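Structural overview for review
As a plain string of letters, each chain reads:
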Amino acid sequence: MGLKDVLKKKIDEQRPRTTKLVKEFGDVKVGEYTIAQTIGGGRGIKSLVTDISYLDPMEGIRFRGMTIPETFAALPKVPGSDYPYVEGFWYLLLTGDVPTVEQTQEVVDMWKEYAQVPQYVIDILRAMPRDSHPMAMFSAAIVAMQRESIFAKNYSEGKFNKMTCWEDMYEDCNILMARLAPIGAYIYRMKYKGDTHIPADPSLDFGANFAHMIGQSKEYMDVARMYFILHSDHESGNVSAHTTHLVASALSDAYYSLSAGINGLAGPLHGLANEEVLRWTQNFLEKLGGEVPTKEGLEKALWDTLNSGQVIPGYGHAVLRKTDPRYTSQREFCLNTPGLKDYPLFKLVALIFEVAPDVLLKHGKAKNPWPNVDAQSGVIQWYYGVTQYEFYTVLFGIGRALGVLANITWDRALGYAIERPKSVTTAMLEEVAGIK
Ligand code: FCX
């Protein structure tokens, strides 16, 4: 059975569960929420559903029920590599099943077939000012391809069918996913490598091909695979996932939806934090002439950052209340990679891990003083020579697309409603609070 047929079977099994919950148990309360949650970005309000990943505050992310180490262990590995195929991970996210080698190969072949980036996308990228942020370029390239949406075409031709429209979304998402790595690589080479380009190698998988197209070493192929998988999904409430879902809920197609999600990822409190982390860390290292600081020196620098009203980038999280396992996974990669382990920038990042949580605890504001994914990712990129830190969020975006596109395929399959939470006025809240 091919991926689409497996997915169809899963969707047919899942639909009655969702229908039953809404029809028979629709009045059952899920929770209550407070004024602080209403004003404070909806923190903790359970108003989204996804089965693709779940974020436990203490344990961190599980993809389809599996922790990060379990996911890496279970998926078919690329021959000669310790890391799995990104394509197999896509299969897992969509279906909840660990694919066989053959099932993984089906996605590898499908994405290869779809991977050609249209010339008009290249023309649009080239027409943008060369100093445009790579995230603006990435988002523009995605939305430019909207004209190719099968979902939008069929909808406009009156062929919308609630039961089968997920199939068009599925096709759009596969085409889009297949092109994201080549688009990212094109932006990278155009902006930072003298506008010289490296064609895709049809013998390589998605992650390896990205490494190849940006002109990286063989070792970086595993970095790309790891990076895309780790950044893929973090349940539904984070800005990029929620935005993609929200836009898709208006029956906007995958191109409009993903482009919107990517714009959210570009914020410094979200995906751009990995750029901020590296800028902050590099500046610090430069000031000290490349020497790793003492604990005391570092502590002072952290306080200076906080006292100047800035956040410590890469630390804190809206849901997590412990060290992000995505951080741990990348830290282990560093510790297990000769060269990286003793790399001054990694040593500094490791020292920040020792010092920053206590500083944040003393500061007393952040609910979570522990590092998140962004605190570790830049150092690995820098070590391998991807030193253009404004590009890091594009890497995040390619990974994040796996999660959000799998999610919007399921949104269509389960017919999730257009999002429309209710707003209130300040006076209404004052009345609820009994102060008016
Ligand atoms: N440094 C300094 N202050 C911090 C902080 C940090 N790293 N993290 C949180 N705080 C502050 C908040 O700014 C807030 O202050 P305020 O009361 O004056 O507004 C207070 O602590 C309470 O915030 P908290 O509830 O703990 O955190 P939020 O859910 O509001 O925000 C983020 C979560 C992630 C946005 C926040 O911790 C932050 O700004 N971290 C630094 C940026 C970062 O690393 N972002 C990446 C997150 C992530 F993994 C991703 O999406 O990529």
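Residues numbered from 1 in each chain as written. Predicted model: local features only at pLDDT ≥ 70, side-chain atom pairs only at ≥ 80, totals over all residues.

If you check an unreviewed UniProt entry, the protein appears there as citrate synthase (unknown stereospecificity) from Denitrovibrio acetiphilus.

Attention now moves to the overall build of the protein. The number of helices and strands found in the protein is 20 helices and 2 strands. The C-alpha atoms of the protein give a radius of gyration of 22 Å, which matches the 22 Å a tight globule of 436 residues would have. Dimensions along the principal axes, computed over C-alpha positions, put the protein at roughly 65 × 65 × 45 Å. (Helix = DSSP H or I, 4+ residues; strand = E, 2+ residues; numbered from the N terminus. Rg over C-alpha atoms; globule rule 2.2 N^0.38 Å.)

Before going further, it helps to spend a moment on the nonpolar core. Trp90, Leu176, Met177 and Leu405 are the most contacted members of the largest nonpolar core, which has 110 residues in total. Per-element tally for this core: the top contributor is helix α9 (residues 165-192), with 15 residues. If we skip the residues at most four places from it in the chain, Met177 touches Trp90, Trp111, Ala401, Leu402 and Leu405. (Core = buried A, V, L, I, M, F, W, Y, C linked by C-beta atoms within 7 Å. Buried ≥ 20, exposed ≤ 12 C-beta atoms within 10 Å, placed from the backbone. Contact = placed C-beta atoms within 7 Å.)

This part takes up the environment of Arg179. If you trace the backbone, Arg179 turns up in helix α9. Owing to 22 C-beta atoms within 10 Å, Arg179 belongs among the buried residues under this scheme. Taking the C-alpha atoms as reference points, Arg179 and Pro199, separated by 20 residues in sequence, lie 13 Å from one another. Not counting chain neighbours up to four residues away, the residues in contact with Arg179 comprise Tyr114, Ala115 and Val117.

A word on unusual backbone geometry. With a phi close to 60 degrees, Asp195 is a non-glycine residue in the positive phi region. Within the fold, Asp195 resides in the loop between α9 and α10 (206-214). At Leu251, a residue that is not glycine, the phi angle is positive and equals roughly 65 degrees. Looking at the secondary structure, you find Leu251 in the loop between α12 (239-249) and α13 (254-265).

For the rest of this paragraph, the subject is the confidence of the model for the protein. Residues of the protein with pLDDT of at least 70 account for 100%, and the chain-wide mean is 96. Considering each helix and strand of the protein separately, the mean pLDDT is smallest for helix α14 (residues 273-287), with a value of 88, and largest for helix α7 (residues 134-144), with 99. For this predicted complex, the interface confidence comes out at an ipTM of 0.98, alongside a pTM of 0.96. (pLDDT = per-residue confidence, 0-100.)

Contacts to the ligand come from 21 residues, most closely from Ala273, Gly316, Ala318, Lys365 and Asn372. When the residues that make up the shell around the ligand are grouped by side-chain class, the tally is 10 nonpolar, 8 polar and 3 charged. (Near = placed C-beta within 6 Å. Nonpolar A, V, L, I, M, F, W, Y, C, P; charged D, E, K, R; others polar.)

Let us now look at helix α1 (residues 3-25). A rise of 1.5 Å per residue sets the reference length of α1, with its 23 residues, at 33 Å; its end C-alpha atoms lie 32 Å apart and thus fit the reference within 8%. Of all the bends in α1, the greatest, near 25 degrees, is centred on Gln14, and the proline Pro16 appears no more than four residues after it. When we look at burial in α1, the residues that qualify are Leu3, Leu7 and Ile11. Check the buried side of α1 and you find it contacts α4 (86-95), α5 (101-114), α9 and α19 (392-413). (Expected span 1.5 Å × (residues − 1). Bend = angle between axes of the 7 residues up to and from the residue.)

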